[in-house]
Amino acid sequence: MRRLLCSIIAVVFLLSLSSCASEECKEDKIVSEPESPVVIIESEKSSEPPATPPVVTLPEQVDTLETHEIVPSDDELVCVIDYIPTIYIELRYAAPNNFTGKTIYDFTDAWLRFGTVKKLMAVQSTLIANGYSLKIWDAYRPSSTQFKLWDVVPDATYVANPYTGHSSHSNGGTIDITLVHQDGTCIEMPTDFDDFSLLADRDYNDVSETARQNAQLLEQTMEAAGFIGYMGEWWHFSDCEPYPYEDLENLSFSLNRQSLFQPDCEEYISLRAAPDYEADVLSHVPRGTYFNILGWNGEFARIEFQDQQGYVSTDYIQPIP
């Protein structure tokens, strides 16, 4: 009897130890469960996702072209305001308000290749929808004016040396631009135009948070439309589509829309349907007729005559003094 009682006590004791061991294992498992879900969530919160560039859609047809009988070719040099009437123009080199302190340009209109203008239209449309607008500080730059800039700042870091090449502005596909409110009032940007300090680069770590956000909005919207920015100047953008320089060498005398032109001929010049000597003749422009230049395409100028647009040879026109 005593032996049986001892055996029962021993069994109960062993079962008690087994139960304790199981509970300890269960507690160890709970304690040692990894907290990886918490770590992952905190990691996701601490990493900022990259900014998503605005969606910019290039127009296949320009809305404002309904008043233009002829749609320019992409490489034609046109007056920007004709196609983007909501854009602001302040050519800094057309007045003394620039780093030279002198008036460099003898014109006040901004001109660019039509292909570049179409991309700017998409940018402007996107910005207007968000309460902003573009303001142009510089666009097409005649090669003759590049020498004036070089005389003031003969440093290739900031000014293209005209004796060894030319500025990309002289191709008609590069623009200096800033961001303003839709009503034209200024907003905070990293620097003013032609600031030669390190604040003007695209690092943005040394400017205010507001200036950084505004500059990045401009940069992302321009890049989404097909422009590429210059790292040393937050305001400088070039069209990814390259354009030749040679076609524009003879245009520096005629970029002011306030100037009128007239045929340089004995009787008349032909108004053609395309910038080609073999193109159909729409009408004739007699000597003594005055007109404005609407655009440039190589050896031809696009004009409007008697409510009809067409092309005339630049060899047979001259500005009125």
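Residues numbered from 1 in each chain as written. Predicted model: local features only at pLDDT ≥ 70, side-chain atom pairs only at ≥ 80, totals over all residues. Heavy atoms only, no water.

Quick one: what's the story with the pattern of salt bridges, residue by residue and with numbers?
All told, the structure shown has nine salt bridges when counted by the stated rule. In this structure, Arg-141 and Asp-138 form a salt bridge, with 2.6 Å as the shortest nitrogen-oxygen distance. For the salt bridge of Arg-212 with Glu-209, the shortest nitrogen-to-oxygen distance reads 2.3 Å. Of this pair, Arg-212 and Glu-209 both sit in helix α5 (residues 209-225), three residues apart, roughly one helical turn. Judged by relative accessible area, Glu-209 falls into the partly exposed class, the value being 43%. A network of salt bridges, in which partner residues are shared, links Glu-90, Arg-92, Lys-135 and Asp-192. (Salt bridge = Lys/Arg side-chain N within 4 Å of Asp/Glu carboxyl O. Helix = DSSP H or I, 4+ residues; strand = E, 2+ residues; numbered from the N terminus. Buried < 20%, exposed > 50% of the residue type's maximum accessible area, 1.4 Å probe, protein only.)

Could you give me a rundown of unusual backbone geometry, with the residues and numbers involved?
Not every positive phi belongs to a glycine, and Tyr-204 is a case in point at roughly 65°. Tracing the backbone through its elements, the reader meets Tyr-204 in the loop between β5 (174-181) and α5. A positive phi is found at Asp-307, a non-glycine position, where the angle reads about 60°. Topologically, Asp-307 is positioned in the loop between β12 (300-305) and β13 (308-313). Note on Asp-307: relative accessible area 65%, which makes it exposed.

So what's going on with the confidence of the model for the protein? Which residues, and what values?
For the protein, per-residue confidence averages 81 on the pLDDT scale, and 77% of positions sit at 70 or higher. Between residues 1-6, whose pLDDT stays under 50, and residues either more than four places distant or in other chains, the model counts zero contacts. Across residues 8-51, confidence stays below pLDDT 50; counting only partners more than four residues off in sequence or on other chains, it has one contact. (pLDDT = per-residue confidence, 0-100. Contact = heavy atoms within 4.5 Å.)

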